[in-house]
Amino acid sequence: PAGAADAGRGARAFVCRDREEELAEVARTIKRDPRRVTALGRTGIVFQRPLPYLYLARQVFADARIPYQALDALPLAAEPFAAAVDLIFTAIAANFTRGSLIELLRSPHFRFSHDGRAIAARDVEALDRFLVERKYLGSAPRLAELAADAASSRSRLATVLAAASAIADELSSVSQAASAPEQIAGVREFIASHERLPAAADAWYARHMRARGAVLGALDLLRDAHAAHDPEPLSIAELAGAVRRWIEGQTFAPRTGDAGLALLDARAAAYADLDEIRIVGLSEADWPERAERSIFYPQSLLAQLGWSPDQERIAAARARFQDLLRLPRRRVSLSTFTLEDDALVTASPLLDDIDAVGLPIEHAPEPTAVRVFAHEALAMEPVAATGVEGAAAEWLSLRQRRTFDDERFRGAAGPRAPVAYAVSHVERYLACPFRYFAADVLRLPEERDEESWMTPQERGQFVHDVFCEFFTQWQMRGGGAITTGNLADAMDLFGRVAEERIARLPEGDRALERTLLLGSAAAAGLAERAFAFEIEQGAAVIERLLEHELEGAFTFTGPDGPRSIQLRSKSDRIDLLDDGTLRIIDYKLGRAPKSDRSLQLPVYGACAQQALHGRHGRAWTVSRAGYVAFREKQAFCSLGKGDEGIAAALAEGEARLVTAVDAIERGEFPVRPDEPFLCTWCPYPTVCRKDYVGDE
Ligand code: SF4
């Protein structure tokens, strides 16, 4: 912030960036002045509106270890118990979607069980994954169906499914009750039967019980109001809206602290006996306080009815502000701010009145560099251990006892025994070694988003299956290479195979998959692309190997010469051409992968040359290799141009594979994404130390 002194001798207020910085400046002023004569209990912070200062004070003064006291009404809706009750209405209104149901089950304010077995956090996690896999989109009957299917297994998943289904049934009957009072009473009963109360010794017990009493009291009042005036049943949206509005209209006055700095609003401050005050939030919007406009009557009519006109109201506000300036016995200081919600804020016009009050002006001393907050004690060198206490102090002492120069803090996990590698997993290593470590060494499950449609993996499998089925049938009928002469037959057969497979998909997936395979008026489908390049290349096909497994030990040439690597892989398609060469093809739903990170085609090529040696009594070399990628402009994205280009691409791919496998076996798994954008789609961001390493 710019202090009064910084802003020149004429400045009358501290100018801070935002409201939080205003409180931070108060904390700095208190901590910077070791000869401070005013006791904290005789010092006040005065604001026009309590929020957000009461929330900000919790963080800022706790961080600066300055005690404070406040007794102000906060919205009841901000209490955790009110939020827990809101989860019930969210679950009903959302028709028990996965997210709303899991949030309710996870709430620490409720306890759920089934057949005497309590539902634990790990059960809820298992349910969450199960519902994602089943593409569950909500509704009590669907939950009941899933619960019935799992019932015979008597597993923990069956228990949590049964509990979730019972919750959905219970809340469905609440929302379908015959009258509004019964609906609200049903919610009360649900809370009573599943509530988890804190222990009397818990620090938050008193506050929780008061908030709970206020929320339940609000529900009772609403129930009685409906019974007296409007017992008609409410729709789910109306019921949730009515309860939310009712709770949002209530306030709650928790007492915070009983000693230290006093936080007061302007009305209460007028009656306070203090030595020093800081008036904060001096913006045009707050000081003077805005009058609430009547939406029913014009100002001229209200003036005739005795309503005070704007000029009088502003004059009264000026007088109150001047009284406030004279309130403390020793000193008053002021602060304003420039930004709120990223918008510029204009300072209060009341700041122009300060000199008229005639108080002697005291200029703020030049700020000295003092570490006031715990984060400053930790983040600035040298670290000040005395600046933190409790859990932060424990963490700091642990952190200071350790050094982090060891290579194991840089991704070195120690040598690993060779295994049979899947080519796609080694590609994962090339994309980011730590991602490989998370998936293939730690075997962490991927964080998956809710997918109501086919996942990319499911779609990839579906497309491969359709092509495999088509070419199997095509070969059985002796179709051979696809040419302009038999293209219509091929398209016809492909259309029938695709339609037969598409018919087995859920209805919502069919149109998209049909477009992908068969194309639309705007773009060619995968089939057309796959056939077009074959016609262009024009070579006669002796045999097609579809979904061909390449497993076992193969020899690859790396930077240090040849070495043997165990692989397990499956090539989408290998065409054996009549000129003694191989054509390796991979289908991609998106774009062709970047050639300097992809391994599949070069590795399949090298493996196929070795595995097919002697087939049809001859040796085979790769002459063509490429991707049929739906999102690429050209039908076939070749791995390299001409024989030399292909040979070079295969050699580079082999070297990449050997280098990556050597690094895996040395146990090198640093956090090193090949490109930063890969982190956007990574399924392991929550276990990754990317930020920490990236900052170094
Ligand atoms: S978030 Fe980025 S750095 Fe971390 S594992 Fe994933 S890809 Fe690697």
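Quick caveat, the model's predicted, so the values are computed rather than measured.

Peer 1: So what's going on with the packing of aromatic side chains? Which residues, and what values?
Peer 2: Under the definition given, this model contains 21 aromatic pairs. Seen in terms of ring centroids, phenylalanine 47 and tyrosine 53 are 5.6 Å apart; in terms of plane orientation they differ by 5 degrees. Their pairing is stacked. The ring of tryptophan 620 carries the charged tip of arginine 618 above its face, separated from the ring centre by 5.1 Å.

Peer 1: Give a description of the site of the ligand that names residues and reports values.
Peer 2: For the ligand, the full set of nearby residues is Cys432, Phe434, Arg435, Val671, Pro673, Cys679, Cys682, Cys688 and Lys690. Split into classes, the residues belonging to the shell around the ligand amount to seven nonpolar, no polar and two charged.

Peer 1: A description of the side chain of arginine 656 should follow, citing residues and the corresponding values.
Peer 2: When you line up the elements, arginine 656 lands in helix H24 (residues 642-666). Buried charge without a salt bridge: arginine 656, with glutamate 652 as the nearest opposite-charge side chain at an N-O distance of 4.6 Å. When residues no more than four places from it in sequence are discounted, the contact partners of arginine 656 are Leu430, Ser595, Asp596, Arg597, Ser598, Leu599 and Pro602.

Peer 1: Which residues make up unusual backbone geometry, and what values do they have?
Peer 2: Residue tryptophan 287 is joined to proline 288 through a cis peptide bond whose omega torsion reads 0 degrees. The residue proline 288 is located in the loop between strand S10 (276-279) and helix H12 (299-304) in this model. With an omega of -10 degrees, the peptide bond running from glutamate 381 to proline 382 counts as cis. Secondary-structure assignment places proline 382 in the loop between helix H15 (374-379) and helix H16 (391-401). Positive phi, normally seen in glycine, also occurs at aspartate 115, with a value near 50 degrees. Within the chain, aspartate 341 stands out as a residue other than glycine whose phi angle is a positive 50 degrees. Examined against the element boundaries, aspartate 341 turns out to sit in the loop between strand S12 (339-340) and strand S13 (343-344).

The rules we used
Residues numbered from 1 in each chain as written. Predicted model: local features only at pLDDT ≥ 70, side-chain atom pairs only at ≥ 80, totals over all residues. Heavy atoms only, no water. Phe/Tyr/Trp six-rings, centres within 6.5 Å; stacked < 30°, edge-to-face > 60°. Lys NZ or Arg CZ within 6 Å of the ring centre and 35° of its normal. Near = heavy atom within 4 Å. Nonpolar A, V, L, I, M, F, W, Y, C, P; charged D, E, K, R; others polar. Helix = DSSP H or I, 4+ residues; strand = E, 2+ residues; numbered from the N terminus. Buried < 20%, exposed > 50% of the residue type's maximum accessible area, 1.4 Å probe, protein only. Lys, Arg positive; Asp, Glu negative; His and termini not counted. Salt bridge = Lys/Arg side-chain N within 4 Å of Asp/Glu carboxyl O. Contact = heavy atoms within 4.5 Å.

From the geometry alone we can't say anything about function, so treat these as descriptive.
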